[in-house]
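Understanding the architecture of this molecule
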Amino acid sequence: MTVRLYDSHCHLQDAEFSPDREEVYQRARQEGLGLLVPGYTMESSKAAVQFVNAHQETWALVGVHPHDSKDFIADDRLTLRQWVLDEPKVVGVGEIGLDYHYRHSPEEVQKSIFEDQLCLARELNVPVSVHTREAEEDTLAIIQRAGWHRGVIHCFTGTADFARHMLELGWYISFSGVVTFKSADALRAIAEWVPMDRLLIETDAPYLSPAPWRGQRNEPIHVLRVAEVIAQQKNYSTKEVYDATMSNVNRLFFLP
Ligand SMILES: [Zn+2]
């Protein structure tokens, strides 16, 4: 079956899927899903590359998450670069960014490793997937300094102002299962006006299961629920959301 919809951000290489990874993948394929699988450490980036090389209609991004930026060494930049250049199914750099909620790595380290990987993506002319939490101002400043505007804010949970800024700079906004949560009225209100041609959807599996599966391990087929809620909110059919987000993924990740 060809792809009719993308889960634009899921971590199928994660150990959470070790017991039944093939079943989860097959369930996704039966629904016609294509999968984008970002790394978050060097090890998980390598696992993402191995996973996509063994599975049809899946592509990888490689990068180091802000949580782990304290472990980033100069050699890692070279390895990331090599993967992007040598691996045909690696389509971007991610997930990278800033997270001031957990602060697993010091702020200054997060900032420099984020900027370094943004510049790498710019050098290689590939898109990025950005994670940002409680760090909108610095995220925007670093992105503008790096001057690279081919990317997506993944699992968007930010402010309307931030969304507007990123859209103006040419970025895409990706919504996850969070948009289905009862408490997420403000987020749904943003989803309502994000233009159809800048919209992506994702699960961020194994995290953030949409309602009514909240708290359980998430998996890519639940992106259908995200599409449904977005469609309701925007007053489009789910098919229109499938088609729009699919051409957006194609434009962002696959155009040279
Ligand atoms: Zn993620």
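See the structure above.
Report on the accompanying structure. Computed from a predicted model, the values in this text were never measured in an experiment.

What counts, and at which threshold
Residues numbered from 1 in each chain as written. Predicted model: local features only at pLDDT ≥ 70, side-chain atom pairs only at ≥ 80, totals over all residues. Helix = DSSP H or I, 4+ residues; strand = E, 2+ residues; numbered from the N terminus. Rg over C-alpha atoms; globule rule 2.2 N^0.38 Å. Buried ≥ 20, exposed ≤ 12 C-beta atoms within 10 Å, placed from the backbone. Contact = placed C-beta atoms within 7 Å. Axes fitted to C-alpha atoms, helices over the stretch in contact; angles between N-to-C directions. Parallel < 35°, antiparallel > 145°, perpendicular 65-115°, else oblique. Left-handed = near helix turned anticlockwise from the far one by under 90°. Nonpolar A, V, L, I, M, F, W, Y, C, P; charged D, E, K, R; others polar. Core = buried A, V, L, I, M, F, W, Y, C linked by C-beta atoms within 7 Å. Pairing = 2+ DSSP bridges.

Quick look at the overall build of the protein now. In terms of helices and strands, the protein carries 9 helices and 8 strands. Expected size for 256 residues packed as a compact globule is a radius of gyration near 18 Å; at 17 Å, the protein falls within 12% of this value. Its C-alpha atoms give the protein principal-axis dimensions of about 45 × 40 × 35 Å. Across the 256 residues that make up the protein, the buried fraction comes to 49%. Expressed as a percentage of contacts within the protein between residues at least 6 apart in sequence, the contacts between residues at least 24 apart total 68%.

This part is about the packing of helix 8 (residues 223-234) against helix 9 (residues 238-254). Between helix 8 and helix 9, whose axes approach to 8 Å, the crossing angle comes to 110 degrees. Classified by the angle their axes make, helix 8 and helix 9 are roughly perpendicular. Here the hand of the crossing between helix 8 and helix 9 comes out right-handed. Contact with helix 8, carried on its side by Ala-227, Glu-228, Ile-230 and Ala-231, involves Thr-238, Glu-240, Val-241 and Tyr-242 of helix 9 and no other residues of that element.

In contact at an axis separation of 11 Å, helix 3 (residues 74-86) and helix 4 (residues 107-124) are set at 30 degrees when each is read in the N-to-C sense. Overall, the two elements helix 3 and helix 4 adopt an arrangement that is roughly parallel. Two packed elements cross with a definite hand, and for helix 3 against helix 4 that hand is right-handed. Residues Arg-77, Leu-80, Arg-81 and Val-84 of helix 3 touch helix 4, and the partners they reach there are Asp-116, Leu-120 and Leu-124. Looking at the contact of helix 3 with helix 4 residue by residue, the classes come out as 4 nonpolar, no polar and 3 charged.

The next point concerns the nonpolar core. Ranked by size, the top nonpolar core spans 76 residues in total, and within it Val-37, Ala-60, Val-62, Val-93, Ile-173 and Ile-230 carry the most contacts. For this core, the element with the most residues is helix 9, which contributes 6 residues. Ignoring anything within four residues of it in the chain, the contact list for Ala-60 reads Val-37, Ala-48, Val-49, Val-52, Lys-89 and Val-90.

Attention now moves to the sheet that holds strand 1 (residues 5-7). With respect to topology, 8 strands assemble into an open sheet ordered 1-2-3-4-5-6-7-8, the strand pairing being parallel. Because the sheet does not close on itself, it has two edges, and the strands there are strand 1 and strand 8 (199-201). Geometrically, the sheet is characterised by an average inter-axis angle of 30 degrees between neighbouring strands, direction not taken into account. Relative to strand 6 (residues 151-153), strand 5 (residues 128-133) runs parallel, the two being bridged by 3 bridges. Opposite Ser-129, over in strand 6, you have Val-152 as the bridge partner. Together, strand 1, strand 2 (33-38), strand 3 (58-62), strand 4 (90-99), strand 6, strand 7 (172-175) and strand 8 form the strand contacts of helix 9, whose direction differs from that of strand 8 by roughly 100 degrees.

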